[in-house]
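Take a look at the letters that make up each chain.
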Amino acid sequence: MIFIDWIIVFIVLGGMIFSVNLSKGLMKSVTDFLSAGRTAGRYLIAVSSGIAGLGAISIVMFLEMGYVAGFSLAWWGLSQGIIILMLTMSGWVIYRFRSTRCLTLAQFFEKRYSRRFRIFTGIVAFTAGIINFGIFPAVGAQFFISYCGLPDSFLGVPVYPMVMIILLGISLYFVYTGGQIAVIIADFFQGVFATVVLVVVALYLFFNVSWDQVSDSLEQTPIKLANEEIEALNEDESFLNLTDVEKQEKTDAINEKYENSSRINPFRTSHVEDFNFWYFLIGIIGILYGSMSWQGSQAYNSSAKSAHEAKMGSVLAGFRGLPQGLFFLLVPVLLYVYMNHPDFSHIAGAVNLALDQLGTDTLKSQMRGPYVLSVVLPNGLLGAFAALMLAAFVSTHDTYLHSWATILVQDVVMPFRSKPFDKKTHLKVLRIAIFGVAVFIFLFSLLFQQNQKIALFFAITAAIFAGGSGAVIIGGLYWKRGTTTAAWTAMIVGAFISVGGVLVKQIPPEWLAVEWTILKDGQWVKHVDTSSLAQLKKALTFIRNINGQEYWAISMGMSAVSYVAVSLLGSPVSFNMDKLLNRGEYAIEGESKIVNQDTQLGWKIFLMGEEFTKTDKIIYLLNYAWTGMWTIIFIVGTIYNLSNDVSNAAWMSFWKNYLYVHICVSLFIIVWFTVGGLNDLKVMLKKLKTDFRDHQDDGWVGKDEDLNDEKELSQPATSQPVGSSTSTSSATQPKKKDLQE
């Protein structure tokens, strides 16, 4: 990077700081700090949560994964589009959760189940979260060191920890300035900038590599790699001692492996055998089951100004993700071309020379993409991409620092108290917790030696909480018969199965072998394990051979079955769902805006109800048209490919047209969401300046809100100050026995 690139980085950083300063003076309550006073509009939620969930570490991960997958796996993603569409259109989980007006997921768990369960899930979520979060600074700092060509030390001080401290310091400043208000505002501007740069980088690379070079690399490289592996095998002494038949079997296996690793044709990959009816059914159920399970950006779940806005933000997120999806599909493929096509051998040589200086294969795999980009991007765009990664790093870190610290204070510390914090102390404790999380992840990144791919590390840590939480969330929001005992059972069963399955996959196959052959006196001799561990090894091998999709189904199934079974076998209960969801006689004025009192049946069929404006309906119809088009293409294409042999040339033609369509749509989306987000931001700032704050709305669940106890309740609220919770309205609700035992 040269001077102009650094200027771009510092200009963007200055703009980020300026955007955060817009929030100064607006944060006046705990709810403002935790959920931006519940004032965010749909476009603001969609853009800000999108970049918060992306992050520098995710960009590195997707570059690493896409480099291996090529175009092929994108085809199978089309299969789930229509189901994802129906879930988001219905407001699945997110609409009902926002209706509870809870500030955290575990606060909902206390209202629905018990305080002890809130503390338990808070501890599990926080522990899994900060361990998952622990490697974020390391990967981000390593990216900037590699991409920007920073030295190992400066004035005798190691650069690696220094970079982490600077990046974490920026993130801390952002979240300290205004809590979730500052996070949303900063993430919006960073999200717009990042999306623009992602598309520009993708277009630059796309138009600087010919499509023939792409086709040649994706088609010929597997053949070349197979020949190289066979040549290496012919130099292996143990291979030379095999019979001709055994040699041919090994050679055929290598050729078959590479023939079934096409980056072009999705029907010529080793994954095709797993892509059957059950694969798609499990994937659909998984999307349904896992809604809102991961809490890394949990504040966005409660920041929308209404349940309807939360639902619309979720619907718009599908469009918002298209420009990012374009980058993550196209750019890794083009990086693969740069590393494998003969025309770019000088680039591959320079990158491989730099990668050889890194210590581990894991680090080499992660840094390959950034190294290639640092070589092929021109000055100016080089700085813009570095600024994008800075924005992505900060957006994820300020969001995650806020989320995990919030969970610690709200769901672990506060429930142990006999009374809530006062406002000043509450905000102070939240800021201390945020700083503590920052210190932890800095030390974790500094001391932890990562030896796995990023995606695998994410899978292990996420499984701890997400394994059982799906059944608990869905059961709590949609089934009045769900019990607290069932929730405990589902969480423990799901976590145990999920984590156990991921860990079993890491056991080396060599250790699990119960039969093997060794070369002795020029002959191969068969050995059988007769130790007491043989049966255990067989059991672990059986579990290990279950593919990931099937194991996911087992985890979800056992967790859900345990929840339902324990609920039905226990004492019969009927939970007061109307009170939990603030509906019917418990409805809060201003929470929903009725546009059409008598909605026609035709609109209801397409999941458009009484809160829908004409603009909302247009957005829904656009979603149906876009997703329906690709679903039809997937169905017709799959049927045709299963009965006909389709050439690589035909598939490359499809992928080229697919990319052109997504490029055009992405450019429109950038303009659309920028204008919509700016309008939402204007409304949000006005509301935060003028709205009345209820300082009792801080996530505390008092005895009058414990829906698990039988008690008399008072009159329903007819009016409520903006930003207040059901904690204040409970004093005016109707006298009525709660139905929960």
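None of these values were measured; they are calculated from a predicted model.

What counts and what doesn't
- Starting from 1, residues in each chain are numbered consecutively following that chain's sequence as written.
- Owing to the predicted nature of the model, reporting of local features is limited to residues with pLDDT of at least 70; listing and counting of side-chain atom pairs is limited to 80 or more, with chain, interface and lining totals taken over all residues.
- Note that the side-chain values use all heavy atoms of the structure and ignore hydrogens as well as water.
- Only DSSP runs of H or I covering at least 4 residues are called helices, and only runs of E covering at least 2 are called strands; the numbering of each starts at the N terminus.
- Here the term buried applies to any residue with accessible area under 20% of the maximum for its type, exposed to any over 50%, and partly exposed to those in between, with areas from a 1.4 Å probe on protein chains only.
- Contact between two residues is taken to exist if any of their heavy atoms lie within 4.5 Å; hydrogens are not considered.
- Surface exposure here means Shrake-Rupley accessible area, sampled with a 1.4 Å probe, where a residue is shielded only by the protein chains that are shown.
- All axes are obtained by fitting lines to C-alpha atoms, using only the stretch in contact for helices, and the reported angles, taken between N-to-C directions, cover 0 to 180 degrees.
- Here is the rule for angles: anything less than 35 degrees is roughly parallel, anything more than 145 is roughly antiparallel, 65 through 115 is roughly perpendicular, and the remaining ranges are oblique.
- Whether a crossing is left-handed or right-handed is set by the direction in which the near helix is turned from the far one by less than a right angle, anticlockwise for left-handed and clockwise for right-handed.
- Three classes are used, and their members are as follows: Ala, Val, Leu, Ile, Met, Phe, Trp, Tyr, Cys and Pro are nonpolar, Asp, Glu, Lys and Arg are charged, and the others, Gly among them, are polar.
- Nonpolar side chains (Val, Leu, Ile, Met, Phe, Trp, Tyr) are joined into patches within 5 Å and like charges within 9 Å, using only residues with over 30% relative accessible area and no salt bridge.
- We define a salt bridge as a contact between a side-chain nitrogen of Lys or Arg and a carboxyl oxygen of Asp or Glu at a distance within 4 Å.
- Only four residue types enter the charge count, namely Lys and Arg as positive and Asp and Glu as negative; His and the chain termini do not.
- By convention, the charge on Lys lies at NZ, on Arg at CZ, on Asp at CG and on Glu at CD.
- In this analysis the probe radius is 1.4 Å and the grid spacing 1 Å, with only protein atoms considered; a cavity is a set of points the probe fits into but cannot get out of, a pocket is an open set with protein on both sides within 12 Å along at least five of seven lines, and lining residues have an atom within 4 Å of a point.
- Grid points are joined across faces, edges and corners, and a volume is the space filled by probe spheres set on the points.
- Joining through side-chain atoms within 4.5 Å is the link that ties buried Ala, Val, Leu, Ile, Met, Phe, Trp, Tyr and Cys residues into a set, and such a set is a nonpolar core.
- Helix span, expected: 1.5 Å multiplied by one less than the number of residues in the helix.
- The bend reported for a residue corresponds to the angle between axes fitted to the seven residues ending at that residue and the seven starting there.
- The predictor reports its confidence for every residue as pLDDT, a score running from 0 up to 100.
- Ring pairs shown here join Phe, Tyr and Trp side chains whose ring centres sit within 6.5 Å, with only the six-membered ring taken for Trp; geometry is labelled stacked below 30 degrees between planes, edge-to-face above 60, and tilted in between.

Q: When you look at the overall build of the protein chain in this model, what are you seeing that I'm missing?
A: Of the regular secondary structure elements, the protein chain holds 29 helices and four strands. By the burial criterion, 55% of the 741 residues in the protein chain qualify as buried. Of the contacts made within the protein chain by residues no fewer than 6 positions apart, 84% connect residues no fewer than 24 positions apart. About 31,900 Å² of surface is accessible on the protein chain, with carbon and sulfur atoms providing 63% of the total.

Q: Would you take a moment to explain the packing of helix H15 (residues 307-340) against helix H28 (residues 648-690) for this structure?
A: How two helices sit against one another is set out by the angle between their axes and by the gap between those axes. Their axes nearest at 9 Å, the elements H15 and H28 cross at an angle of 135 degrees. When the interaxial angle is binned, H15 and H28 end up oblique. In this structure, H15 crosses over H28, and the sense of that crossing is left-handed. For the pair H15 and H28, the contacting residues are Leu316, Phe319, Arg320, Leu322, Pro323, Leu326, Leu329 and Leu330 in the first and Tyr658, Leu659, His662, Ile663, Val665, Ser666, Ile669, Trp672 and Phe673 in the second. Split into classes, the residues belonging to the contact of H15 with H28 amount to 14 nonpolar, two polar and one charged.

Q: Please explain a negative patch on the surface as it appears in this structure.
A: The grouping of Asp212, Asp216, Glu219 and Asp343 at the surface amounts to a negative patch. Relative to the helices and strands, Asp343 is located in the loop between H15 and helix H16 (345-355).

Q: Help me out: how do you make sense of the packing of helix H10 (residues 159-206) against H15 in this one?
A: Across the interface, H10 lies against H15 with an axial gap of 9 Å and an inter-helix angle of 35 degrees. The element H10 and its partner H15 pack so that their crossing is left-handed. Taking contact as the criterion, the partners of Thr195, Leu198, Val199, Val201, Ala202, Leu205 and Phe206 in H10 are, on H15, Pro323, Gln324, Phe327, Leu330, Val331, Leu334 and Tyr338. Of the residues assigned to the contact of H10 with H15, the class counts are twelve nonpolar, two polar and no charged.

Q: Just to check I follow, could you spell out the pattern of salt bridges for this structure?
A: If charged atoms from side chains of opposite charge come close, those side chains can pair. According to the stated counting rule, one finds nine salt bridges in the structure shown. Across the salt bridge formed by Arg42 and Glu309, the nearest N and O atoms sit 2.6 Å from each other. Of the two residues, Arg42 is situated in helix H3 (residues 42-69) and Glu309 in helix H15; the sequence distance between them amounts to 267 residues. For the pair Arg42 and Glu309, a shared accessibility class is recorded, and that class is buried.

Q: Honestly, empty space enclosed by the protein in this entry has me stumped. Any pointers?
A: The gaps left among the atoms become clear once a water-sized probe is rolled over them. Per the counting criterion, the structure on display carries four cavities of 30 Å³ or more. Size it by volume and the largest cavity reaches roughly 110 Å³. If you trace the largest cavity, you find 13 residues lining it, with Val47, Gly191, Thr195, Arg320 and Phe673 closest to the centre. At the level of elements, H3, H10, H15 and H28 are the ones that each hand at least two residues to the lining of the largest cavity. Of the residues in the lining of the largest cavity, the class split is seven nonpolar, five polar and one charged.

Q: So what exactly am I meant to see when it comes to the environment of Ile543 here?
A: Along the chain, Ile543 turns up in helix H23 (residues 534-544). According to the relative accessible area criterion, Ile543 is partly exposed, its value standing at 28%. With 38 residues separating them in the primary sequence, Ile543 and Lys505 have C-alpha atoms 8.3 Å apart.

Q: Could you clarify how one ought to interpret unusual backbone geometry in this entry?
A: Leaving glycine aside, a negative phi is the common case for residues, and trans is the common case for peptide bonds. Even without being a glycine, Val93 presents a positive backbone phi close to 70 degrees. According to the relative accessible area criterion, Val93 is buried, its value standing at 0%. Of note, the phi angle at Leu155 is positive, near 55 degrees, even though the residue is not glycine. Mapping Leu155 onto the fold places it in the loop between strand E1 (153-154) and strand E2 (157-158). Look at Leu155 and you get exposed, because its relative accessible area is 76%.

Q: What am I meant to see in the nonpolar core here?
A: For soluble globular proteins, nonpolar side chains are generally found buried alongside one another. Judged by nonpolar contacts, the single largest core of 196 residues is most densely connected at Ile59, Phe71, Phe109, Val214, Phe327 and Phe385. Looking at this core element by element, the count peaks at 25 residues for H10.

Q: Would you explain H15 in this entry?
A: The α-helix winds at 3.6 residues per turn, so residues separated by three or four positions along the chain end up facing the same way. The terminal C-alpha atoms of H15 lie 50 Å apart, and with 34 residues this matches the ideal 50 Å at 1.5 Å per residue to within 8%. Along H15, the largest kink reaches about 35 degrees and is centred on Leu322; proline Pro323 follows within four residues of it.

Q: Sorry if this is basic, but what is going on with the confidence of the model for the protein chain here?
A: Close inspection of predicted coordinates is inappropriate in any region flagged by low pLDDT. Chain-level statistics for the protein chain give a pLDDT mean of 82 and a share of 85% at 70 or above. When pLDDT is averaged over each element of the protein chain, H28 comes out on top at 94 and helix H29 (residues 726-729) at the bottom at 38. The model gives residues 271-275 a pLDDT under 50, and that stretch makes nine contacts with residues more than four places away or in other chains. Confidence drops under a pLDDT of 50 for residues 709-741, and excluding neighbours within four residues, the segment shows 95 contacts in the predicted structure.

Q: Just to check I follow, could you spell out the packing of aromatic side chains for this structure?
A: Aromatic rings in a pair are described by how distant their centres are and how their planes are angled relative to each other. Inspection of the entire model under this criterion finds 52 aromatic pairs. Look at Tyr113 and Phe117: their rings are 5.4 Å apart centre to centre, the planes differ by 75 degrees, and that puts the pair in the edge-to-face class. Look at Tyr113 and you get buried, because its relative accessible area is 1%. Given the relative accessible area of 0%, Phe117 is considered buried. When the centroid spacing of 5.8 Å and the interplanar angle of 75 degrees are considered together, the rings of Trp626 and Trp630 count as edge-to-face. Here Trp626 pairs with Trp630, and both are found in helix H27 (residues 614-643), just four residues apart, close to one helical turn. Trp626 gets classed as buried once you look at its relative accessible area, which sits at 17%.

Q: So what exactly am I meant to see when it comes to the side chain of Arg368 here?
A: Considering the arrangement of structural elements, one finds Arg368 in helix H17 (residues 361-376). Despite its burial, Arg368 pairs with no opposite charge; the closest candidate is Glu64, at 6.2 Å N-O.

Q: Quick question: what am I supposed to make of the environment of Phe496 here?
A: For Phe496, the position within the fold is in helix H21 (residues 484-504). Along the primary structure Phe496 and Ala463 are separated by 33 residues, whereas in three dimensions their C-alpha atoms are 8.9 Å apart.

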